[in-house]
Amino acid sequence: FHITKYPTIKFVQNGVLAKKEYRGQRSADSFLEFVKEHVQDPVTEFTDLSQLKTLDEKKRHLIGYFSSPEGADYENFKKVSLALKEDCLFRAGFGSQFDNMRPPGQNIVAFRPSKARDSESDQTFTGSLADYDQFSAWAVEKCSPMVREITFENAEELTEEGLPFLILFHGPDDTESIKEYNDLVSRELISEKASVNFLTADGVKFAHPLHHLGKSKEDLPLIAIDSFRHMYLFPKFEDIKIPGRVKEFLQGLYSGKLHREFHYGPDQAEEKKEIEDKSEDNKEEVKTEDTAEEGKHIPRTDDEQPEKADEKPKKSTDPPESQFVHLGPSKNRYTILRDEF
């Protein structure tokens, strides 16, 4: 059950352990409200295709077309809906009016991604709906996004997973940067999913972490790492279009390079690369200035040269402290020393 704190309250429905634990208020009224909410049927029936045009584009949807609400196909659809209702919205249409949406004598389920967050296309389940394990595995894959949105409601849960955050901070109405970020993760960072959580955050609601990074809503969108010890800012959001640049940024977290460079500046190899990347005009300008200086001054001997420091001076401050670590499970809320029932 992966118990990491006490008390922990988990719930099982139809023999399936829910993905999320109960994190609400520990009172009889709150428990009752929670149970009432979770015994409701998460499947919403639609009777006309026009109703699908008004689906929430910020949510993921599984849409089923069935001949009737009887049989193993729909039973498995309903069972999966109970397990994944936090991640997907479920819709079902029954009867002959949807015959043109499915092959003769066959029920189908289609996945519709979040149009506001993803560039994915709709996909249809091609396996057997009568096979619960096969359908459930497909539904979990589609309804469990690589990139999740962090809110004050789910921050405790995400923080408890213990993986560093790679966060896109965006404006409330900015959907383009979210799609770009999702595409980046799918294209280049899937191999990192076991080492980091990919998240998006409303930069207005989470203005406090931005403040600690020295940024504000005018600087959105931007990307940062929160390692639960420190925060590190990705230098330039537009650079996510450069292949490998964000992955290199993540590798710097793992190797300690980000922390080291915060104190001492770029490594020598990085500095050399920056110099090589300068334009030819700048190089010529520097060369001209150096030549002019050589004509005016007599070079010092080695003995007269100032002593070179072995290393660069250390900055007096650390990187900004983690802000999301404060949203993890509170020691005042979770304890085995206090009887809360």
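Placed above this text is the structure.
Overview of the structure. Everything quoted here is computed from the prediction, not taken from an experiment.

## Some points on empty space enclosed by the protein
Phase 1 of the analysis: If you walk through the whole model with that rule in mind, you get one cavity of 30 Å³ or more.
Phase 2 of the analysis: Considered as a void within the structure, the largest cavity measures approximately 160 Å³ in volume.
Phase 3 of the analysis: Lining the largest cavity are 15 residues, and of these Phe11, Ala18, Lys19, Leu82 and Ala83 lie nearest its centre.
Phase 4 of the analysis: At the level of elements, strand 2 (16-17) and helix 2 (72-84) are the ones that each hand at least two residues to the lining of the largest cavity.

## Some details on the sheet that holds strand 7 (residues 123-124)
Phase 1 of the analysis: Spatially, 3-5-4-6-7 is the arrangement adopted by the five strands of the open sheet, whose pairing is mixed. Each edge of the sheet is formed by a strand with only one pairing partner; in this case those strands are strand 3 (43-45) and strand 7.
Phase 2 of the analysis: Bridging between strand 3 and strand 5 (residues 89-94) involves three bridges; their strand directions are parallel. The residue bridging Glu45 from the neighbouring strand is Ala92, located in strand 5.
Phase 3 of the analysis: Here helix 2 sits on the sheet and contacts strand 3, strand 4 (61-66), strand 5 and strand 6 (108-112); the angle it forms with strand 5, its principal contact strand, is near 160°.
Phase 4 of the analysis: Seen against the sheet, helix 3 (residues 132-143) touches strand 4, strand 6 and strand 7 and runs at an angle of roughly 15° to strand 6.

## Looking at helix 7 (residues 245-255)
Phase 1 of the analysis: Along helix 7, the residues classified as buried are Val246, Phe249, Leu250, Gly252 and Leu253. Around the axis of helix 7, the buried residues are gathered within 150° of arc, so they sit on the same side.
Phase 2 of the analysis: Considering only its buried residues, helix 7 is in contact with strand 9 (165-170), helix 5 (176-188), strand 10 (197-202), strand 11 (222-226), strand 12 (231-233) and helix 8 (257-264).
Phase 3 of the analysis: The positive-phi residue at the C-terminal boundary of helix 7 is Gly256, with phi of around 90°.

## A few points about a negative patch on the surface
Phase 1 of the analysis: A surface patch of negative charge is lined by Asp29, Glu33, Glu37 and Glu86.
Phase 2 of the analysis: With respect to the helices, strands and loops of the structure, Glu33 is situated in helix 1 (residues 28-38).
Phase 3 of the analysis: Glu33 sits in the exposed class, given a relative accessible area of 52%.

Conventions and cut-offs
- Residues numbered from 1 in each chain as written.
- Predicted model: local features only at pLDDT ≥ 70, side-chain atom pairs only at ≥ 80, totals over all residues.
- Heavy atoms only, no water.
- 1 Å grid on protein atoms, 1.4 Å probe; cavity = no way out; pocket = protein on both sides within 12 Å on 5 of 7 lines; lining within 4 Å.
- Points joined across faces, edges and corners; volume = space filled by probe spheres on them.
- Helix = DSSP H or I, 4+ residues; strand = E, 2+ residues; numbered from the N terminus.
- Pairing = 2+ DSSP bridges.
- Contact = heavy atoms within 4.5 Å.
- Axes fitted to C-alpha atoms, helices over the stretch in contact; angles between N-to-C directions.
- Buried < 20%, exposed > 50% of the residue type's maximum accessible area, 1.4 Å probe, protein only.
- Arc of directions from axis to C-beta.
- Patch = residues over 30% accessible without salt bridge, like charges linked within 9 Å, V, L, I, M, F, W, Y side chains within 5 Å.
- Areas by Shrake-Rupley, 256 points an atom, 1.4 Å probe, with all protein chains shown as cover.
- Salt bridge = Lys/Arg side-chain N within 4 Å of Asp/Glu carboxyl O.
- Lys, Arg positive; Asp, Glu negative; His and termini not counted.
- Charge placed at Lys NZ, Arg CZ, Asp CG, Glu CD.

Note that all results are geometric; they support no functional claim without further evidence.
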